[in-house]
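Here is what each chain is made of, one letter per residue.
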Amino acid sequence: MSSKQSTIDFILEQIADAGIISAKKMFGEYGIYCDEKIVAFVCDDQLFVKPTSAGKAFIGEFVEGLPYPGAKPYLLISGDQWEDAEWLAQLIKISAAQLPFPKTKVRSKEKTKNS
């Protein structure tokens, strides 16, 4: 079962104050980006935030879950916690601050034939 667009829209609205927020559809589900860093996944209408030491400390007692088969454990954020926009945006902001920027992909130049 894939996530509903209304779920994505609600989460994006709730975390809008965390930075530059966007969502990208991937693998039939969604990746959530903050300031160009992927910070979370929404899979089956559940929010999974990338685990960071600061994010774990901010949450306190946390629950982990797997966003997709073969994934490493992520912080599973319950739907009740989504209602607190300030708390959720702060979690995303704190987590994003500890995550690296994505590596830039270098395109190889096409080789030209010297005949």
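To start, this report covers the structure provided alongside it. All figures in this text were calculated on a predicted structure; none of them were measured in a lab.

**Digging into the side chain of Thr7**
Position of Thr7 relative to the elements: it lies in helix α1 (residues 5-14). Once residues lying within four places of it in the same chain are set aside, the contact partners of Thr7 are Val42, Asp45 and Trp82.

**Examining the pairing of strand β6 (residues 74-77)**
The pairing of strand β4 (residues 46-49) with β6 spans 3 bridges and is antiparallel. Looking across to β6, one finds that Leu47 is bridged to Ile77. Where strand β5 (residues 63-65) meets β6, 3 bridges bridge the pair, whose relative direction is antiparallel. Directly across from Glu64, in β6, lies its bridge partner Leu75.

**Points about the pairing of strand β2 (residues 29-34)**
Counting buried positions along β2 gives 6 out of 6 residues, so the element sits mostly inside the fold. Between strand β1 (residues 21-26) and the antiparallel strand that follows it, β2, lie 2 residues; Phe27 among them carries a positive phi value of about 55°. Examined bridge by bridge, β2 and strand β3 (residues 37-43) share 5 bridges and lie antiparallel to one another. Looking across to β3, one finds that Tyr30 is bridged to Val42. Counting the residues between successive antiparallel strands, the hairpin from β2 to β3 contains 2 residues, one of them, Asp35, with a positive phi of roughly 50°.

Each value, and the rule that gives it
- Residues numbered from 1 in each chain as written.
- Predicted model: local features only at pLDDT ≥ 70, side-chain atom pairs only at ≥ 80, totals over all residues.
- Heavy atoms only, no water.
- Helix = DSSP H or I, 4+ residues; strand = E, 2+ residues; numbered from the N terminus.
- Contact = heavy atoms within 4.5 Å.
- Pairing = 2+ DSSP bridges.
- Buried < 20%, exposed > 50% of the residue type's maximum accessible area, 1.4 Å probe, protein only.

Keep in mind these numbers describe shape, not what the thing actually does.
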